[in-house]
Each structure stands twice: as structure tokens, then as C-alpha cells.
Amino acid sequence: MSTSFKKLGWREMPIGGAIIEPGNSINRPTGDWRVFKPVINQDKCVRCYLCWVFCPEPAIKILDKPYKTASGREWKITFEVDYAFCKGCGICVEECPVKAIDFVEEVK
Ligand code: SF4
Ligand code: SF4
């Protein structure tokens, strides 16, 4: 999945790269920085929100998308990675309490 955004070129950035308005990361996709990418295992995910809390980019999306696990557990929401913004820092992989996020090499 991906989010629509207005990508800024370097000429449109403030001098020194200063952040002069809050909530601007939606205009600065960082997905092309990535070397490794997180992949959420929906069967292992316990919907704890920690990846969403710790992700430094707007890259973890919480969707109203039901999911039934292989063991029959039914969830009303699904956590997905928006790869337009995921910079591959690996924080979500470290913070997931049930190790539901694999970190795999990016293939471009
Ligand atoms: S790897 Fe980093 S940027 Fe990507 S989803 Fe995880 S915490 Fe967010
Ligand atoms: S931290 Fe792990 S278990 Fe929690 S919502 Fe994210 S992927 Fe699911």
C-alpha cells in the first residue's frame, strides 16, 4: 500500500533543512533510503500498536481490515507498512514484543 503525498525537491526545502512546520513528514517520503524492509507476519501480530508508536515515520498504517489467523483468531484491524515512508531503520522490528516483523533485504 502507499499514501498519496506531495514530494518536495531540495530547492523547496527551508535553508539548512530546518523543520518550520509540524506534521510535515507526510510531504517527505523516505522510502528510497531503505536497504532492509520490515514485513509484518499477520498471523503472529497481536495488534499491540507498539510498531505504530515507535516508528519515526508515518509508515505504520492501521487499517479497518479484518484478518483471520491460521489458528482461527479474528482481528478487526490490520497493521501494514507503507513502503513509501518506511526508511528501513528497523525500530519496529526491535520493538515488536512477539517478533512478528521480519527484516528482509530489499530487492529493487
Ligand atoms: S523500519 Fe523504521 S521506518 Fe520502517 S516501519 Fe519500521 S520503524 Fe517505521
Ligand atoms: S508491534 Fe508487532 S505485534 Fe504489535 S502491532 Fe506491530 S507487528 Fe503487531
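Up top is the structure these notes are about.
Residues numbered from 1 in each chain as written. Chains lettered and ligands numbered in written order. Predicted model: local features only at pLDDT ≥ 70, side-chain atom pairs only at ≥ 80, totals over all residues. Heavy atoms only, no water.

S.K.: Can you explain the site of ligand 1? Please cite residues and give values.
M.R.: The full set of residues close to ligand 1 is Pro 38, Cys 55, Pro 56, Ala 59, Ile 60, Cys 86, Lys 87, Gly 88, Cys 89, Gly 90, Ile 91 and Cys 92. Its residues assigned to classes, the shell around ligand 1 comprises nine nonpolar, two polar and one charged. (Near = heavy atom within 4 Å. Nonpolar A, V, L, I, M, F, W, Y, C, P; charged D, E, K, R; others polar.)

S.K.: Explain the packing of aromatic side chains to me, using residue names and the numbers behind them.
M.R.: Describing an aromatic ring pair means giving the distance of the ring centres and the angle of the ring planes. Counted by the stated rule, this structure contains three aromatic pairs. Ring centres of Phe 36 and Phe 103 lie 5.6 Å apart, and the angle between their planes is 35°; this geometry places the pair in the tilted category. Note that Phe 36 is positioned in strand E1 (residues 36-40) and Phe 103 in strand E6 (residues 101-105), a separation of 67 residues in sequence. Judged by centre distance (5.1 Å) and plane angle (90°), the rings of Tyr 49 and Phe 79 are edge-to-face. In this pair, Tyr 49 sits in the loop between E1 and helix H1 (50-54) while Phe 79 sits in strand E5 (residues 78-81), placing the two residues 30 residues apart along the sequence. What makes Tyr 49 partly exposed here is its relative accessible area of 35%. The structure contains a cluster of three or more aromatic residues connected by ring pairs, namely Tyr 49, Trp 52 and Phe 79. Over the aromatic face of Tyr 83 sits the side chain of Lys 37, whose NZ or CZ is 5.1 Å from the ring centroid. (Phe/Tyr/Trp six-rings, centres within 6.5 Å; stacked < 30°, edge-to-face > 60°. Helix = DSSP H or I, 4+ residues; strand = E, 2+ residues; numbered from the N terminus. Buried < 20%, exposed > 50% of the residue type's maximum accessible area, 1.4 Å probe, protein only. Lys NZ or Arg CZ within 6 Å of the ring centre and 35° of its normal.)

S.K.: Give me the lowdown on the environment of Val 53, citing residues and values where you can.
M.R.: Within the secondary structure, Val 53 sits in helix H1. Among the residues examined, Val 53 registers a relative accessible area of 51% and is labelled exposed.

S.K.: Describe the side chain of Thr 30, with residues and values.
M.R.: Within the secondary structure layout, Thr 30 lies in the segment before E1. There is a polar contact of 2.7 Å between the side chain of Thr 30 and the backbone oxygen of Phe 85. Discounting chain neighbours no more than four positions away, the residues touching Thr 30 are Glu 57, Ala 84, Phe 85, Cys 86 and Lys 87. (Polar contact = N/O pair within 3.5 Å; in protein donor to acceptor, adjacent residues only side chain to side chain. Contact = heavy atoms within 4.5 Å.)

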